[in-house]
Amino acid sequence: MSRIDAKFAQLRAENKKAFVAYVMAGDPDYDTGLEVVKGLPAAGVDIIELGMPFTDPMADGPTIQLAGQRALEGGQTLEKTLQYARELRKKDDTTPIVMMGYYNPIYSRGVDTFLADAKAAGIDGLIIVDLPPEEDDELCIPAQEMGINFIRLATPTTDDKRLPKVLENTSGFVYYVSVTGITGAAAAQADEVGPEVARIKAQTDLPVIVGFGIKTPDAAESIASIADGAVVGSAIVEKIAAGESVADVLAFVKSLADGAHRG
């Protein structure tokens, strides 16, 4: 059983929903970013989404784009991002780590080399937003064979004809994008998201986690109540961008986690 599968089994046994937190690796600098990541499990985060900074993002709104720029300007690399996982694994062997980003840095490193390094570093899953199912042979299938979950995004525009293709080689969980557009844009609405989550769950046994547009503890609770969990990224990254202390960032994360766990 993978760490992701084990985490969801644990949450089901505790009758709790999952809280997933996204942070950009290397933001605002290597050491501060690592301190935040190391503090996430104690703040109630069930799954860590570790952003891989990239120069030309597509799905990310201004908040995440600027975080990626800060990280790159500070010298963050794919290797240093993997080092975050290695550092966390020295004291935490249970919290799942999912790397989220774009294919170019992985392609540049070499798929086989990257997957071997990611597995050794303790990475559990990948969300690579610019690789559609038609290109599963490129990274998805090799990752699954390596024991790394490949997590796919479903969106409001993923219709019933497209959904089975999206789900075909997905594992770990399905990430439902609650709004049409970029991260940190419109607010997610539970009454609109609920039927979509139900539609996805009718076609898969995988947990469905909802992200994009969740900014407050109440919103995390509301969304988690109609899904298997909630993801928050931009709202956390905004705190980091504002120069808040690591302690204050983690306190905010805990408030979000508490909200999702009430869902």
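What counts, and where the lines are drawn
- Residues numbered from 1 in each chain as written.
- Predicted model: local features only at pLDDT ≥ 70, side-chain atom pairs only at ≥ 80, totals over all residues.
- Heavy atoms only, no water.
- Salt bridge = Lys/Arg side-chain N within 4 Å of Asp/Glu carboxyl O.
- Helix = DSSP H or I, 4+ residues; strand = E, 2+ residues; numbered from the N terminus.
- Buried < 20%, exposed > 50% of the residue type's maximum accessible area, 1.4 Å probe, protein only.
- Pairing = 2+ DSSP bridges.
- Right-handed = clockwise from strand over helix to strand, strands pointing away.

A. Region of interest: the pattern of salt bridges. Tallying each qualifying case throughout the model produces 20 salt bridges. One salt bridge in this structure joins Asp 27 and Arg 70, with 2.7 Å as the shortest N-O distance. Remark: Arg 70 occurs in helix 3 (residues 62-73) and Asp 27 occurs in the loop between strand 1 (18-24) and helix 2 (30-39); sequence separation between them is 43 residues. Counted as one network, the salt bridges with shared partners bring together Arg 3, Arg 89, Asp 92, Asp 93 and Asp 124.

B. Highlighting the pairing of strand 1. Buried residues dominate strand 1, accounting for 7 of its 7 residues. Residue alternation in strand 1 divides its side chains into two sets, Ala 18, Val 20, Tyr 22 and Met 24 and Phe 19, Ala 21 and Val 23, and both sets are buried. Inspection of the sheet shows strand 1 paired to strand 9 (residues 229-232) by 4 bridges, in the parallel sense. Each residue of the ladder has a partner; that of Ala 18, found in strand 9, is Gly 229. Judged from the 5 bridges that link them, strand 1 and strand 2 (residues 47-51) form a sheet pairing that is parallel. Along strand 2, the bridge assignment pairs Ala 21 with Ile 48. In this fold, strand 1 hands off to helix 2, which returns the chain to strand 2; that crossover is right-handed.

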